[in-house]
Amino acid sequence: MEATILEARSISKYFHDPVTTQVLTDINFKLNKGEFASIIGKSGCGKSTLLYILSTMDTDYEGEVWIDGIGMKNKKDEELASVRNAKIGFVFQFHYLLNELSVLDNVMMPGLKLGHFSEKEIEQRAYEKLKVLGIQNEALKRPTQLSGGQKQRVAIARALINDPVIIMGDEPTGNLDKKNSEIVFNIFQELAEVYNQSLLIVTHDNEFAARTNRIIEMEDGKIIH
Amino acid sequence: MKVKLITKVSRSFLLARWKQTLVAALGVTFSITMFIALLSFMAGLNDMLDGLILNRTPHIRLYNEILPSKIQPIDQSQQFKNHHNFVSSIKPKNIRLEIYNNAAVINALKKDARVSGVAPKIIAQVFYNVGVIDVTGIINGIDVEAENKLFLFSDYVTEGNFMDLKNIPNSIILGKGAAEKMLAQIGDNIQVTTTKGERMQLKVVGFYQSGIQDIDKVQSYASISTTQKLLGESSSYITDIQIKLNDMLLAPALSEEYAQLFDVEAIDIQKANAQFETGSSVRTLISYAVGITLLIVAGFGIYNILNMMIYEKMDSIAILKATGFSGKDVNAIFITIALTIGIFGGILGLVLGYGLSALIDQIPFNTDSLPTVKTYPINYNPQFYMIGAIFSIVTTYLAGYFPSRKASKIDPVIIIRGK
Ligand SMILES: Nc1ncnc2c1ncn2[C@@H]1O[C@H](COP(=O)(O)OP(=O)(O)O)[C@@H](O)[C@H]1O
Ligand SMILES: [Mg+2]
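Residues numbered from 1 in each chain as written. Chains lettered and ligands numbered in written order. Predicted model: local features only at pLDDT ≥ 70, side-chain atom pairs only at ≥ 80, totals over all residues. Heavy atoms only, no water.

A.B. asks: It is not clear to me how the sheet that holds strand S8 (residues 198–202) of chain A should be interpreted in this structure. Could you clarify?
C.D. replies: Strands belonging to one sheet form pairs held by backbone hydrogen bonds; the direction of such a pair is parallel or antiparallel. Residue and element names in this part refer to chain A. Read from one edge to the other, the open sheet built from six strands follows the order S6-S7-S8-S3-S9-S10, with strand pairing classed as mixed. Two strands in the sheet have a free side with no partner beyond their single neighbour: strand S6 (88–91) and strand S10 (222–223). Note that strand S7 (residues 166–170) and S8 share five bridges and pair parallel. Residue Ile167 lies in a different strand from S8, and its bridge partner there is Leu199. Packed on one face of the sheet, helix H2 (residues 77–87) meets S6 and S7 and runs near 80° to S6. (Pairing = 2+ DSSP bridges. Helix = DSSP H or I, 4+ residues; strand = E, 2+ residues; numbered from the N terminus. Contact = heavy atoms within 4.5 Å. Axes fitted to C-alpha atoms, helices over the stretch in contact; angles between N-to-C directions.)

And the structure:
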């Protein structure tokens, strides 16, 4: 039995603007180490909202989030930031790289922030990650010089730099063409199978979801499946 | 490690917007440059104007004056002790202006550790005889070397050699204005008459120009022995003792002490020239006000640029937060940006401020009333540079404070969702 690395305990979320509406209702689930899970559901059903809560970026909710056996309730901004830094790798739909820095610096950034390794070691690790993703040759380029698919792979390399307990993705292939989506999916699958990496990926691509280990289906702010 | 990382991010943000950054930094540079130049020039001007009077004014002057007796007999009567007494039966008598036992007084003063220098002086009322007309004047009998040491006498002798006053017997250095009235040239002999009617021929060895017209029309200088001869007094006759102190601020207290101790009148420089202090401090205040205003304007420039930068960098801030940077880290990044602008702009400003001061220092400034001044005066006080440096850092910090706080509070969810 693998350890639970992510747990949602009766999470509810309301938006108060313009009128109070409930977007998440009593969400409960557990994710085990090495699981490759996807969350699917219609647009507007609350997938992104749930992911922001699970990733500790949104703190305005009811219920509890447990990551790697630690409760996230009542943690300070700084503590949550270091949880995100050390334990979570995030991949967004719109790549979100720092255009002011080189690809390599982008990948190194969370590692430098964590500070577990020296700058030299972090650089070496960044190169390794880029190699796993097949973009080591782009290391010294600027993000603006890369294609969409390449940028997304850089974002994945960055998510991996601190060996997080979980990678979360909010429609990471939503903005990519078929071919690049395929590449990104294969990378995720390889991470799960070869490196026993846990992944929780929001998608509205049912084909993508079908190929993951586990599908969490949402509707109107509830998990239905 | 953390400092290095924050510097790295700050630098990348700065370089991505280097033109705006440069403009902001140049704003600081400009204001610091003007601040330094303005203060140095104002202080130079103050020094010059103060010097006009203060350099030549003793910190304490001991003298005798014809005054009514301070204690009238009626004051000593027990019977009228608590009454308002207005009977003054003792009138001033014809006391001499000489300071008695002055050699001993001078010796005592020279031994006093608080005193930096002592110069004796005789003030003699005379008439300069110009043809048939007599012009009133004053001859200052001075100890040439002491006077030069204490009051930079040689600076104000615009023609001739001041030491001739000591070396040539019966010589005089005429005030420029007085010399013009008498049409006197160096080497001429002029005639003066004392208030007691004695006449004497004096040889003109130089001209004296203080910068104050009214003084130059009246005052002339001779050696002490010449003046004693002129007045027909003994070689111990002295009317004034001029004292310079190590600390000018002690003058009021010490002048009272000496008046008591030596039983003479004493006046301190603060009492004699109260108005100069006020003038200087007002000028200084104005320069600081202008300089600080410039800095505040530069501060608003930085504030604007940071706000704009934060608006542009929303995505980057969101990504930093999503990958584990805390609000504090983001705050530190923007404060670093503000301080970098402040420090680099400030350093350049200090250098250019020094350059501008040096330039002003070269501009010729010749005026008859200021014989010792050849260029615009500049005071290179390191204090101005310190204040400029501190102010540039403080203003940029304050300018960066609110934008940085705003940046640190950015909610990454709103930014990421907004895409
Ligand atoms: N800031 C907000 N204020 C109010 N309602 C919001 C806000 N953000 C999202 N919502 C609403 O919450 C619901 C869930 O949104 P979201 O989690 O983005 O859905 P999904 O990612 O599944 O498409 C939607 O109905 C959306 O309109
Ligand atoms: Mg969504």
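Having seen the model, we can carry on.
A.B. asks: Would you mind showing me how to read a nonpolar patch on the surface here?
C.D. replies: All names here are of chain B. There is a patch of nonpolar side chains on the surface, built from Ile296, Phe300, Tyr303, Met386, Ile390, Val394, Tyr397, Leu398, Tyr401 and Phe402 and spanning about 980 Å² of accessible area. Per element, the largest residue contribution to the nonpolar patch is seven residues, and it comes from helix H15 (residues 382–408). Checked against the element boundaries, Tyr303 lands in helix H12 (residues 274–312). (Patch = residues over 30% accessible without salt bridge, like charges linked within 9 Å, V, L, I, M, F, W, Y side chains within 5 Å. Areas by Shrake-Rupley, 256 points an atom, 1.4 Å probe, with all protein chains shown as cover. Salt bridge = Lys/Arg side-chain N within 4 Å of Asp/Glu carboxyl O.)

A.B. asks: Please clarify how the packing of aromatic side chains should be interpreted in this entry.
C.D. replies: All names here are of chain B. According to the stated counting rule, one finds 19 aromatic pairs over all chains in the structure shown. An angle of 25° between the planes, with centres 6.0 Å apart, marks the rings of Phe153 and Tyr208 as stacked. Taken as a pair, Phe153 in helix H5 (residues 153–156) and Tyr208 in strand S7 (residues 199–208) lie far apart in primary sequence, 55 residues in all. One exposure class covers both Phe153 and Tyr208, and it is buried. Taken together, a centroid distance of 4.7 Å and an interplanar angle of 50° make the contact between Tyr208 and Tyr221 tilted. Linking Tyr208 in strand S7 with Tyr221 in strand S8 (residues 219–223), this pair joins segments that are 13 residues apart in sequence. (Phe/Tyr/Trp six-rings, centres within 6.5 Å; stacked < 30°, edge-to-face > 60°. Buried < 20%, exposed > 50% of the residue type's maximum accessible area, 1.4 Å probe, protein only.)

A.B. asks: Explain the site of ligand 1 to me, please; I cannot follow it from the model alone.
C.D. replies: The local shell around ligand 1 consists of Phe15, Asp17, Val23, Lys42, Ser43, Gly44, Cys45, Gly46, Lys47, Ser48 and Thr49 of chain A together with Arg417 of chain B. At ligand 1, the nearby residues belong to more than one chain, namely chains A and B. In this structure, Gly46 of chain A approaches ligand 1 through a main-chain N or O atom, which is 3.1 Å from an oxygen atom. The side chain of Thr49 of chain A places a nitrogen or oxygen atom 2.4 Å from an oxygen atom of ligand 1. (Near = heavy atom within 4 Å. Polar contact = N/O pair within 3.5 Å; in protein donor to acceptor, adjacent residues only side chain to side chain.)

A.B. asks: I'm lost on the environment of Leu183 of chain B in this one. Help?
C.D. replies: Looking at the element boundaries, Leu183 of chain B is found in the loop between helix H7 (176–182) and strand S6 (189–194). Along the chain, Leu183 of chain B and Val130 of chain B lie 53 residues apart, while their C-alpha atoms are 8.8 Å from each other.

A.B. asks: Explain the domain arrangement of chain B here, please?
C.D. replies: How big an interface is tends to be expressed through the accessible area that disappears when the partners come together. Each assigned domain of chain B is listed with its residue range as follows: domain 1 (2–54 + 276–418) and domain 2 (60–77 + 94–272). Distance between the C-alpha centres of domain 1 of chain B and domain 2 of chain B: 51 Å. (Domains from an automatic or database assignment.)

A.B. asks: Where do I start with the packing of helix H5 (residues 148–160) of chain A against helix H6 (residues 178–195) of chain A in this structure?
C.D. replies: Geometrically, a packed helix pair is captured by the angle between its two axes and the distance between the axes. Residue and element names in this part refer to chain A. Where H5 meets H6, the axes come as close as 9 Å, and the angle between the chain directions of the two elements is 20°. Accordingly, the angle class assigned to the pair H5 and H6 is roughly parallel. Seen along the crossing, H5 lies across H6 with a hand that is right-handed. On H6, the residues that touch Gly149, Gln152, Arg153, Ile156 and Leu160 of H5 are Asn180, Ile183, Val184, Ile187, Phe188 and Leu191. A breakdown of the residues in the contact of H5 with H6 according to their chemical character gives seven nonpolar, three polar and one charged. (Parallel < 35°, antiparallel > 145°, perpendicular 65-115°, else oblique. Left-handed = near helix turned anticlockwise from the far one by under 90°. Nonpolar A, V, L, I, M, F, W, Y, C, P; charged D, E, K, R; others polar.)

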